[in-house]
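Chain by chain, the residues run as shown.
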Amino acid sequence: MSLREEILKLKEQVEKLTMNQRFGIHRFVASDKDIRFFTRFASYDLLMRFWALIEPSLPSMISVTQAQRGTFTEPSSTTRSLQPIDEMFMFLNYLALGSKQRDLADRYGVHQSTVSRIITSWSNFLYTVLGSVRIWIPEEKIREHLPAEFKDYADTTVILDCTELRCQCPSSPLLQSEMFSTYKSHCTLKGLLGVAPHVAVTFISSLYAGSISDKQITRESGILSLLRPGMAIMVDRGFLVDDLVPCKIYRPAFLSGRSQMSACEVRETQAIARLRVHVERLIRRVKEHKFFDTEIPLRLFGNINQLYAVACLLTNYENGPLVKAWAKKPE
């Protein structure tokens, strides 16, 4: 009996040493700083709350993956080299650090094809799970929790802006002209983002060729079907969508051939600029995922919409709100 107990203790020690040597989430449970670096989640506690949210849906992902690979047996240690939570951690490394698949394969001790499968599976899984949660907030709910700084624009439902992601230029001259962005002087993919006044992502469009105008992307993105009379949107000068939207528009004033704007227009432009900074900060938060720092290769175009949407949706879970505290509504 004493020998058996000693063997069990030794096995536990070996397992503990092996776990400490392997790369995975278990190595960083005591360091929120490391969790922030590797995943963009502000703390281990927030990451675990997110894990608890998506874990019940994991069996559906596993069954789909097995069907794609032609296997329908329960996963075992011989057929699954990483635990699901470490697969998620790997996917977050891929987005947060922009890590190459070969580097991830070396870190996690798996084959590069396994890394590719995990990234594809998790991008599709999170795109489905997070996308099934309603993010568009009705105007009455927004007004219940409207920050005090929006008191002069209390009917604002969403702040809209576009972002562009640099991508590899295709060889076809026709495609190059479609994807070339005069703003970035490079081939890009362009998406429309909507943010509520209390700074949560409430609308994400698909990605379009970089040459598309702000007006055209507004028309094609699907945002128009969500807008109603009585609402208001806040946009930049480039969104000349007055003939498209059925609601009020808050937009910085134009000079329109005048030498200067009136004092009232200057004050309104400054006020709108102060409020629109929220959507700009949100876009910056999305692009803190280093995956978007480099040119997106053409080979990822089949999966880029899922990766982009997941990165945008994750900002609703990774941190507290950009505005730390909502002011009380005026009496």
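These numbers come from a predicted model, not from an experiment.

### A closer look at the pairing of strand β3 (residues 186-195)
Side-chain direction in a regular strand flips from residue to residue, so the side chains alternate between the two faces of the sheet.
At step 1: Across the 10 residues of β3, 10 count as buried, placing the element largely inside the fold.
At step 2: As judged from the 8 bridges shared by strand β1 (residues 156-166) and β3, these two strands associate in the antiparallel manner. Across the sheet, the residue bridging to leucine 160 is glycine 194, located in β3.
At step 3: Of the strand pairs in this sheet, strand β2 (residues 180-181) and β3 are connected by 2 bridges, and their pairing is antiparallel. Pairing of phenylalanine 180 across the sheet is with cysteine 187, part of β3.
At step 4: Linking two consecutive strands that pair antiparallel, namely β2 and β3, is a turn of 4 residues; a positive phi of about 55° is found at serine 185 within it.

### Quick word on helix α5 (residues 84-97)
At step 1: Compared with an ideal rise of 1.5 Å per residue, which puts 14 residues at 20 Å, α5 spans 20 Å between its outermost C-alpha atoms and is within 8% of the ideal.
At step 2: Most of α5 sits out of view: 13 of its 14 residues are buried.
At step 3: After α5 finishes, the residue glycine 98 shows a positive phi value of roughly 65°.

### Topic: the environment of phenylalanine 301
At step 1: Within the element layout of this structure, phenylalanine 301 appears in the loop between α11 (263-287) and α12 (304-318).
At step 2: For phenylalanine 301, a relative accessible area of 27% gives the class partly exposed.
At step 3: Separated by 134 residues in the primary sequence, phenylalanine 301 and cysteine 167 have C-alpha atoms spaced 9.4 Å apart.
At step 4: Setting aside residues up to four positions removed in sequence, phenylalanine 301 forms contacts with Cys167, Met179, Leu189 and Ile296.

### Re the pairing of strand β4 (residues 201-204)
At step 1: Bridging between β3 and β4 involves 3 bridges; their strand directions are antiparallel. Among the inter-strand pairings, leucine 193 is bridged to a residue of β4, identified as isoleucine 204.
At step 2: Between β3 and β4, which pair antiparallel and follow one another directly, the connecting turn spans 5 residues, one of which, valine 199, has a positive phi of 65°.

### Topic: the pattern of salt bridges
At step 1: In this structure the tally under the stated criterion is 11 salt bridges.
At step 2: Close ionic contact of aspartate 214 with lysine 190 constitutes a salt bridge, the shortest N to O distance being 2.9 Å. With a gap of 24 residues between them, aspartate 214 in helix α10 (residues 214-221) and lysine 190 in strand β3 connect regions that are remote in the sequence.
At step 3: With a relative accessible area of 19%, aspartate 214 lands in the buried category.
At step 4: The class for lysine 190 is buried, based on a relative accessible area of 8%.
At step 5: A salt bridge links aspartate 293 to lysine 290, with the shortest nitrogen-to-oxygen separation between them at 3.9 Å.
At step 6: On the accessibility criterion, aspartate 293 (48% relative accessible area) is partly exposed.
At step 7: With relative accessibility at 41%, the residue lysine 290 sits in the partly exposed group.
At step 8: Put simply, Arg36, Arg40 and Glu288 are held in one network by salt bridges that share partners.

### Details of the side chain of glutamine 306
At step 1: Here glutamine 306 is to be found in helix α12.
At step 2: Judged by relative accessible area, which is 17%, glutamine 306 ranks as buried.

### A short note on the packing of aromatic side chains
At step 1: Here the structure, examined in full by the defined rule, presents 15 aromatic pairs.
At step 2: Arranged with centres 6.3 Å apart and planes meeting at 40°, the rings of phenylalanine 23 and phenylalanine 89 form a pair that is tilted. Placement of the pair is phenylalanine 23 in the loop between α1 (2-21) and α2 (32-39) and phenylalanine 89 in helix α5, with a sequence separation of 66 residues.
At step 3: Aromatic side chains phenylalanine 37 and phenylalanine 38 sit 5.0 Å apart centroid to centroid with 85° between the ring planes, which places their arrangement in the edge-to-face category.
At step 4: Three or more aromatic residues joined by ring pairs form one cluster here, namely Phe23, Phe28, Phe37, Phe38, Phe89 and Tyr108.

### What to know about the state of the cysteines
At step 1: For the structure on display, the rule yields 0 disulfides.
At step 2: In this model cysteine 167 remains outside any disulfide bridge; the closest cysteine sulfur is found in cysteine 187, 5.6 Å from its own.

### Some points on the confidence of the model for the protein
At step 1: Residues at a pLDDT of 70 or more form 88% of the protein, whose mean pLDDT is 86.
At step 2: Overall, residues 71-79 carries pLDDT values under 50, and its contacts beyond four positions in sequence, including any with other chains, amount to 9 contacts.
At step 3: Counting interchain partners and residues more than four positions distant, the pLDDT-below-50 stretch residues 323-331 has 11 contacts.

Quick notes on the rules
Residues numbered from 1 in each chain as written. Predicted model: local features only at pLDDT ≥ 70, side-chain atom pairs only at ≥ 80, totals over all residues. Heavy atoms only, no water. Buried < 20%, exposed > 50% of the residue type's maximum accessible area, 1.4 Å probe, protein only. Helix = DSSP H or I, 4+ residues; strand = E, 2+ residues; numbered from the N terminus. Pairing = 2+ DSSP bridges. Expected span 1.5 Å × (residues − 1). Contact = heavy atoms within 4.5 Å. Salt bridge = Lys/Arg side-chain N within 4 Å of Asp/Glu carboxyl O. Phe/Tyr/Trp six-rings, centres within 6.5 Å; stacked < 30°, edge-to-face > 60°. Disulfide = S-S within 2.5 Å. pLDDT = per-residue confidence, 0-100.

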